[in-house]
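# A closer look at the structure
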Amino acid sequence: MTIPEDAAPKTSNISVRRGDPLVVVSDVQKHYGDFQALKDINLTVNRGEVVVVIGPSGSGKSTLCRTINRLETITSGTITIDGNELPKEGKGLAQLRSDVGMVFQSFNLFSHLTILDNVTLGPIKVRKMKKTDAEAQARTLLERVGVAQQAEKLPGQLSGGQQQRVAIARALAMNPKVMLFDEPTSALDPEMINEVLDVMVELAQEGMTMIVVTHEMGFARKAADRVVFMADGQIVEEATPEEFFTHPTSDRAKDFLSKLLTH
């Protein structure tokens, strides 16, 4: 059921936004040899929507995230972004990937480049932006994520939380259509988690289309339009955060949530 804009629930969550479909995953299967990591995955993420994917370890969450920009190939099915099916290789794939920002668990910054150079590299090399324009944009983005003072430093001179915020700025510098976050806070010390989540909440409120794999249930409650619960390589349940956290319908989700609440 599609919820009209004016009838969207006005809870603590952002109103459910229903733009046109931006990411469409259809009948996707993923095998590693005899092991099936993804089973019959069907998921549509609309423009401006924040979808949080949660579930137990080994449920296929990160695999799904990585198939959306073809870091992982799929065995069968289709994935389209803004109406275009993911190419298998070549320039078409590189172009499509540039429209999909990705923030990893490990920050994946180039250790030998300054923070500024990390953020400008993609726009200069891929988007063919002038260096002066790329640097101006990078400084604006670094300001936005709260690390403008670190622009001339190397990644190793920054805290984990600062490095992850740089990684977000680097992804934003490509002006992506959608942002993928694969457990972006799981490698961080507890006191650094909120500084990264705060940036992600701001992005969500500004209307960035986001698919977020995370264990941070507070973020899911606060920023998600929809929670997707996975187990054993399948999507078991989809609901608004309010519905999912208060009235989960599947036994797997109930079991998952009860374990979270008792620890």
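Look above for the structure.
All values reported here derive from a predicted model rather than from experimental measurement. (Residues numbered from 1 in each chain as written. Predicted model: local features only at pLDDT ≥ 70, side-chain atom pairs only at ≥ 80, totals over all residues. Heavy atoms only, no water.)

## Observations concerning the sheet that holds strand S7 (residues 178–182)
Ordered in space as S6-S7-S8-S3-S9-S10, the six strands form an open sheet in which the pairing is mixed. Both outer strands of the open sheet, strand S6 (100–103) and strand S10 (234–239), are each paired with one neighbouring strand and no more. Between one strand and the next, the sheet's axes are offset by a mean angle of 20°, whatever the strand orientation. Across four bridges, S6 lies against S7 in parallel orientation. Its bridge partner being in S7, Gly101 is matched across the sheet by Met179. Lying over the sheet, helix H5 (residues 160–172) contacts S6 and S7, oriented at roughly 170° with respect to S6. (Pairing = 2+ DSSP bridges. Helix = DSSP H or I, 4+ residues; strand = E, 2+ residues; numbered from the N terminus. Axes fitted to C-alpha atoms, helices over the stretch in contact; angles between N-to-C directions. Contact = heavy atoms within 4.5 Å.)

## Topic: the pairing of S10
Note that strand S9 (residues 226–231) and S10 share five bridges and pair antiparallel. Along S10, the bridge assignment pairs Met230 with Ile235. Hairpin connection between S9 and S10: a loop of two residues separates the two successive antiparallel strands, and Asp232 in this loop has a positive phi of roughly 55°.

## Some details on the side chain of Glu183
Mapped onto the secondary structure, Glu183 falls in the loop between S7 and helix H6 (190–205). Buried and unpaired, Glu183 has no salt bridge, with Lys61 as the nearest side chain of opposite charge at 4.1 Å. Among all residues touching Glu183, those that are not within four sequence positions of it are Lys61, Ser62, Gln105, Val213 and His215. (Buried < 20%, exposed > 50% of the residue type's maximum accessible area, 1.4 Å probe, protein only. Lys, Arg positive; Asp, Glu negative; His and termini not counted. Salt bridge = Lys/Arg side-chain N within 4 Å of Asp/Glu carboxyl O.)

## Overview of the environment of Val166
One can find Val166 in helix H5. Between the alpha carbons of Val166 and Leu142 there is a distance of 6.8 Å; along the sequence they are 24 residues apart. What Val166 contacts, discounting residues up to four positions off in sequence, is Leu109, Ile115, Val119, Leu142, Val147 and Leu158.

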